[in-house]
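Descriptive structure summary
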There are 2 protein chains.
Amino acid sequence: MKKILIVGGVAGGATAAARLRRLSEEDEIILFERDEYISFANCGLPYYIGDVIKDRNALFVQTAEAMSKRFNLDIRVFNEVIGINPKAKEVAVRRVKTGEVYVESFDALILSPGAKPIAPAIPGIKEANNVYTLRNIPDTDKIKAAVEGRPARAVVVGGGFIGVEMAENLRDLGIDVTLVEKLPQILKPLDFEMAQMLHREMKAHGVHLILGDGVDHFENKGRKIVLESGVALESDLTILAIGVAPENALAKDAGFRCGPRGHIVTTDTYEVIDDITGQPVSDIYAIGDAIEVTDFVDGTKTAIPLAGPANRQGRTVADRIHGIPFKNAGVQGTSVAKVFDKTFAATGNNAVQLKAKGLPFVEIHAHRGNHAGYYPNSSVISMKLLYDPETLKILGAQAVGKEGTEKRIDVIATVMRLGGTVFDLQELELSYAPPYSAAKDPVNILGYIAQNIQSGEYKTVQWHEIDAIIAAGGTLLDVRRPDEYAGGHVPGSVNIELDTLRDNPAGLPADKAAPLYVTCQVGLRGYLAAQILKTLGYKDIYNLVGGYNTYAAGHYTV
Amino acid sequence: MKKILIVGGVAGGATAAARLRRLSEEDEIILFERDEYISFANCGLPYYIGDVIKDRNALFVQTAEAMSKRFNLDIRVFNEVIGINPKAKEVAVRRVKTGEVYVESFDALILSPGAKPIAPAIPGIKEANNVYTLRNIPDTDKIKAAVEGRPARAVVVGGGFIGVEMAENLRDLGIDVTLVEKLPQILKPLDFEMAQMLHREMKAHGVHLILGDGVDHFENKGRKIVLESGVALESDLTILAIGVAPENALAKDAGFRCGPRGHIVTTDTYEVIDDITGQPVSDIYAIGDAIEVTDFVDGTKTAIPLAGPANRQGRTVADRIHGIPFKNAGVQGTSVAKVFDKTFAATGNNAVQLKAKGLPFVEIHAHRGNHAGYYPNSSVISMKLLYDPETLKILGAQAVGKEGTEKRIDVIATVMRLGGTVFDLQELELSYAPPYSAAKDPVNILGYIAQNIQSGEYKTVQWHEIDAIIAAGGTLLDVRRPDEYAGGHVPGSVNIELDTLRDNPAGLPADKAAPLYVTCQVGLRGYLAAQILKTLGYKDIYNLVGGYNTYAAGHYTV
């Protein structure tokens, strides 16, 4: 019989407790939570505020009482672990309501403290009475009360998951919402041109987007927000969602190593590390948003605060305590969010991350229907895939669309997890009937494009490169129909329709050795054009990746 | 420059033609189609009849004219290839409209003749004027015209994909529909208890289901259908959809080998086989619904008439003609269909197939929400997974549910394709946000269940075994709440609520060495109960797989 203590009762901590009990009826399991609630639906909080989830009780996945009973746990809410003695294997616990402190011994200790919203000391923030961060139920209750006061204008600071979800939910309540983001884009898992599709979506739903700007200070008890650019916003309700920081105080005080951004460092089996000796501390583990994890793509250290990995770590660490082996291959960071009528999903690294790491990659785009175009309500899923040109391993993928968007990323995430290559994507046998997909699923299409590129059928140019090429005198042939071209095209491009190309029409450049660039709506006809132009004697042909769709997304102005 | 002939212009044939052109501008490519239309949306035909697809033109994915122009093809509709001389490398072609016959030589020949509906000589069928099969556009036009005559009653014979889709579409037009199927279930890719969920769905939408019965004869010009059971049905419109047979006449006449059910036999690279020598016939290939394929699961020969594999074979055979290598790993048969408000999808082998082949397998069920239960409109996806107890390789999976159902099968199909095991399912990092999934996706859950079983945490009993066990004196504990139990339970089961089990309540069997069976709604609480009962001294505990949900589905009566 072991005595196992768990610090933190949400996601990883709650999962660990339940799994520990399933693995042993005998062990004593104590779960400490300094707040009132364990195991609440933290991912659902914005939707409760937005009245999408109507019933507050729905947020409580498990109550402390029910979970205690079901799993025979000693759950202590309003009990905060304030110190760890790793040598003596003891923790000090403070009863939050009385201030009384007591000691508990342990055979194993699991830290699952999570992460807290960053709230910097912006001038005027202390005097503000309408600025909120969102992490837990009490935060939610406060924001819900503020929303019930019928604010006319809200400002959301930060364009990450919580910021975007809050902007959507407040907007859907009829509030005039402005989202302010320091970066030139929202939702960092996406590369810029993919995020642009969501900028368009947010604008289409009436959210004012201010990108590349941050809060300088608050005035008038928070009613006025002055940005770094000097722009001033009026706000009845402000949500500060500029990121989270790991709850590492307990670990740091105990002498456990933390990473460059403060995350608790662990071994592959989640033991914490003694910061002085660099050795694992036996029987003390850390999991969840507070820890540093291994990036599945390249094995570097990173931090990925997501519920899925936290839950998995909770189960895994319980298994580990019971001697069940596991292999920690790292975290891909598969993520998804609803942005009004669209969905974005991503997995692995994006181009920005790969560039920063100096990793070589090929980048392809596809825009394909979620299901057969002849079946009603088909919608386009825009996909981006990044792969290693040597190993052909998939490094990351992103998608923006409607129905079926995130599940295409799930399929690619699965190929990545199993070590597959882009060539495997062609071979996948995915469900097809007209209401669900096409005989060639968008994921298959990405594989076909990669095969075409790798076999040298065509070379590629990216949306962010083509303007400079045209400015320097390069020729871009747009092979769409004239009506498509008239509806929008790359400035300086020349329109010659695909089906006329075999006749070697006037307007084709005379110099057949010079680079020739081709494009269409999504890239397919550009590829066909490249094949025809080769037989006309052109030697150096490049197809614009993702066609005008990707180009137009990249050049959208907020 | 090669001269390449293709026989058949739908799916595989059309794909091969387009791919061949992309690989070579110079080759002469002639596509023969004996009917009027190439590359039509054959999977969409039932939906056009049902007025879901409004525009007939939407069915024409590519017209012969547009495709000829785009890909510089010589497409000859109303031209039927009637003979092949493999030695001379020539085919004889008949102009359907004039009867004139001519000869074309070839360097390579691709046969993509497809499959045709089976229409046996049932007594009275010749005199019937209201019995239709559905394969192509002319068939569709005829049925559409019949539907526009406002039939009151329709009978669909056959519960495969086309039969079920036709039944749904006719029913949604307000017609009184009866579906007659010879087997005790519709949709053979599903095992019985999974198909039962769709029997329920069809009945809920007013379709009369007659299972385990077939047509004996037609009377009164088809207005009366007498079944083998003697039951007589009135019908204004009858769809015969009892299966398809490969179009193998051309191949047989040319001396190419065909399999036991008439499918054209090919090498792994799709060359046909000389039936006398057993040797591959060089430069003559066959693809699509007409051929025998390799079952991905166990390498046996099978036939899987689906659009996805046909298209893939079309591309692959074009690559093969151009010397691009590929590995043929076989076909999984991933399939999906809409059945009113539900979706079913499946991949790999089902339990019936595995039993018939004598392959060992473990069978697990899960019933989980498609997304977080606290987010609106969550619906249950019922999943079944079959895996090899030795290698842990996944042998097949089935799912029935609403939104997101088929995409879970896609993820599992992807794991299978990449050679993963059930243990890989736990580790998959899939998209999670409340509108899309749960932190533990249903696919992860299947992996967890498999891990629990493989690590010996509990043993299992199946829905179709438990009645006999209880009849023989076995004890089944149902650990749900009394209100759940009252709403429906396995006859003879004993209700003791999970959360009271640790108190060793009265009613538990005295003999702790005897087998003890447990169940709940879906299997999770049964698992928890098993863990607790072990500590109470019970030695031999079995959890009912899939809980009462699966049991109730299995015992549904049409």
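Scroll up a little and you will see the structure.
Below is a summary of the structure that appears in this document. Predicted, not measured: the structure shown is a model, and the values here were computed from it.

Attention shifts here to the sheet that holds strand 31 (residues 540–544) of chain B. Residue and element names in this part refer to chain B. Within the open sheet, the 5 strands sit side by side as 27-31-30-28-29. Their pairing is parallel. Among the strands making up the open sheet, the edge pair consists of strand 27 (459–461) and strand 29 (494–495). Pairing geometry for strand 28 (residues 475–478) and strand 29, over 2 bridges, is parallel. Among the inter-strand pairings, Leu477 is bridged to a residue of strand 29, identified as Val494.

Right, let's talk about the packing of helix 10 (residues 405–417) of chain A against helix 12 (residues 442–454) of chain A for a bit. Residue and element names in this part refer to chain A. Running from N to C, helix 10 and helix 12 cross one another at 50°; their axes reach a closest spacing of 9 Å. The pairing of helix 10 with helix 12 is recorded here as oblique in orientation. Note on element contacts: helix 12 touches helix 10 through Pro442, Val443 and Leu446, opposite Arg408, Val411 and Ile412. Residue composition of the contact of helix 10 with helix 12, grouped by class: 5 nonpolar, no polar and 1 charged.

Before going further, it helps to examine the interface of chain A and chain B. The interface of chain A with chain B comprises 81 residues on the first partner and 81 residues on the second. In total, about 7200 Å² of surface goes out of reach between chain A and chain B, with carbon and sulfur atoms giving 56% of it. Together, Tyr374, Glu429 and Tyr436 of chain A form the three largest contributors to the area buried by chain A at its contact with chain B, with a combined 12%. Joining chain A to chain B, the criterion identifies 8 salt bridges. The salt bridge partner of Arg19 of chain B is Glu457 of chain A, with a shortest N-O separation of 3.2 Å. On the surface where chain A and chain B come into contact, there are 44 residue pairs in polar contact (both at pLDDT 80 or more). When residues of the side of chain A that touches chain B are assigned to their parent elements, the largest contribution, 10 residues, is made by helix 10 of chain A.

Attention shifts here to helix 10 (residues 405–417) of chain B. Residue and element names in this part refer to chain B. With 13 residues, helix 10 should cover 18 Å at 1.5 Å per step; its first-to-last C-alpha distance of 19 Å lies within 8% of that length. Burial analysis of helix 10 places 13 of its 13 residues in the buried class, which makes it a mostly covered element. Once helix 10 finishes, Gly419 follows within two positions and takes phi at roughly 75°, a positive value.

Here we take up the environment of Ala204 of chain A. Residues and elements named next belong to chain A. Structurally, Ala204 is set in helix 6 (residues 192–204). Among the residues examined, Ala204 registers a relative accessible area of 62% and is labelled exposed. Ala204 sits 295 residues away from Asp499 along the chain, and the two C-alpha atoms are 36 Å apart.

A separate point is the environment of Gly44 of chain B. Along the chain, Gly44 of chain B turns up in the loop between strand 2 (28–33) and helix 2 (45–49). Measuring from C-alpha to C-alpha, the distance between Gly44 of chain B and Pro360 of chain B comes to 38 Å, with 316 residues separating the pair along the chain. If sequence neighbours within four positions are ignored, Gly44 of chain B has contacts with Tyr374 and Pro434 of chain A together with Ile53 and Leu59 of chain B.

Residues and elements named next belong to chain B. With 3 bridges connecting them, strand 7 (residues 108–111) and strand 19 (residues 280–286) associate as parallel partners. Residue Leu109 lies in a different strand from strand 19, and its bridge partner there is Ile284. Where strand 18 (residues 271–273) hands over to strand 19, the hairpin turn is made up of 6 residues, of which Gly278 adopts a positive phi near 75°.

Turning to the sheet that holds strand 15 (residues 232–234) of chain B, a few remarks are in order. Residue and element names in this part refer to chain B. Read across the sheet, 3 strands follow the order 13-14-15 without closing on themselves; strand pairing throughout is antiparallel. For this open sheet the edge positions go to strand 13 (215–219) and strand 15, each flanked by a neighbour on one side alone. On average, each strand axis in the sheet is tilted by 25° relative to the strand beside it, whichever way the strands run. Relative to strand 15, strand 14 (residues 224–227) runs antiparallel, the two being bridged by 3 bridges. If you follow Val226 over to strand 15, its bridge partner there is Ala232.

Rules used in this analysis
- Residues numbered from 1 in each chain as written.
- Chains lettered and ligands numbered in written order.
- Predicted model: local features only at pLDDT ≥ 70, side-chain atom pairs only at ≥ 80, totals over all residues.
- Heavy atoms only, no water.
- Pairing = 2+ DSSP bridges.
- Helix = DSSP H or I, 4+ residues; strand = E, 2+ residues; numbered from the N terminus.
- Axes fitted to C-alpha atoms, helices over the stretch in contact; angles between N-to-C directions.
- Parallel < 35°, antiparallel > 145°, perpendicular 65-115°, else oblique.
- Contact = heavy atoms within 4.5 Å.
- Nonpolar A, V, L, I, M, F, W, Y, C, P; charged D, E, K, R; others polar.
- Buried area = accessible area lost by both parts, 1.4 Å probe.
- Salt bridge = Lys/Arg side-chain N within 4 Å of Asp/Glu carboxyl O.
- Polar contact = N/O pair within 3.5 Å; in protein donor to acceptor, adjacent residues only side chain to side chain.
- Expected span 1.5 Å × (residues − 1).
- Buried < 20%, exposed > 50% of the residue type's maximum accessible area, 1.4 Å probe, protein only.

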